[in-house]
Amino acid sequence: IQPGANYAAKQWEAKKFAQVAESLANDNPDTAIVLLGKGKTEAEAAKALCSALPPTVDVINLTDATSLRETMAVLSHLRLFIGNDTGVNHLAAALN
C-alpha cells in the first residue's frame, strides 16, 4: 500500500486504507502489509494508517526507507498494490 501522495486531492484517507489493509490481513492471515512511499507527506500518511490498524495486522513500513530501485524491487514481489495516483502507482502497473 502506498497511502501518501504529494497532493491532497490525489490522496485517499488513511482510515480507508486501514480498512482495506485490515480486511486483506483478515482474509489472508499469512499476509504482511507493506507500506511504500517517499517524503514527509507520505511518511505522515503511513503513520496515520499504522495508527488506524489493530496490532494484529503485520505491517512492514518501508516508507522513506527505500531508493527508487529498491522500491521497484519490492513492487516486483508483491501480489497486490493499492495506492494513490503517484509515480509508485505507475511503477507498480509497469511491473504488473
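Residues numbered from 1 in each chain as written. Predicted model: local features only at pLDDT ≥ 70, side-chain atom pairs only at ≥ 80, totals over all residues. Heavy atoms only, no water.

J.: A description of the packing of aromatic side chains should follow, citing residues and the corresponding values.
T.: What describes a pair of aromatic rings is the distance from one ring centre to the other and the angle between the planes of the rings. This structure, assessed with the given rule, holds 1 aromatic pair. On the numbers, 4.9 Å between centres and 85° between planes, the contact of Trp 12 with Phe 17 is edge-to-face. The exposure class assigned to Trp 12 is partly exposed, which follows from its relative accessible area of 36%. (Phe/Tyr/Trp six-rings, centres within 6.5 Å; stacked < 30°, edge-to-face > 60°. Buried < 20%, exposed > 50% of the residue type's maximum accessible area, 1.4 Å probe, protein only.)

J.: Account for helix α3 (residues 68-77), with residues named and values stated.
T.: Taken together, the buried positions of α3 are Thr 71, Val 74 and Leu 75. Along the axis of α3, the buried residues cluster in a sector spanning 100°; they form a single face. Exposed and facing more than 90 degrees away from the buried side of α3 are Arg 69 and His 77. The inward-facing, buried residues of α3 abut β1 (33-35) and α4 (87-94). (Helix = DSSP H or I, 4+ residues; strand = E, 2+ residues; numbered from the N terminus. Arc of directions from axis to C-beta. Contact = heavy atoms within 4.5 Å.)

J.: Kindly report on helix α1 (residues 14-27), identifying the contributing residues and their values.
T.: Between its terminal C-alpha atoms α1 stretches 20 Å, which fits the 20 Å expected from 14 residues at 1.5 Å a residue. Of all the residues in α1, the buried ones are Ala 14, Phe 17, Ala 18, Ala 21 and Ala 25. In an axial view of α1, the angular spread of the buried residues amounts to 100°, which keeps them on one side of the axis. In this structure, α1 carries Lys 15, Gln 19, Asn 26 and Asp 27 as exposed residues pointing more than 90 degrees from its buried face. Looking at the buried residues of α1, the elements they touch are β1 and α2 (40-52). (Expected span 1.5 Å × (residues − 1).)

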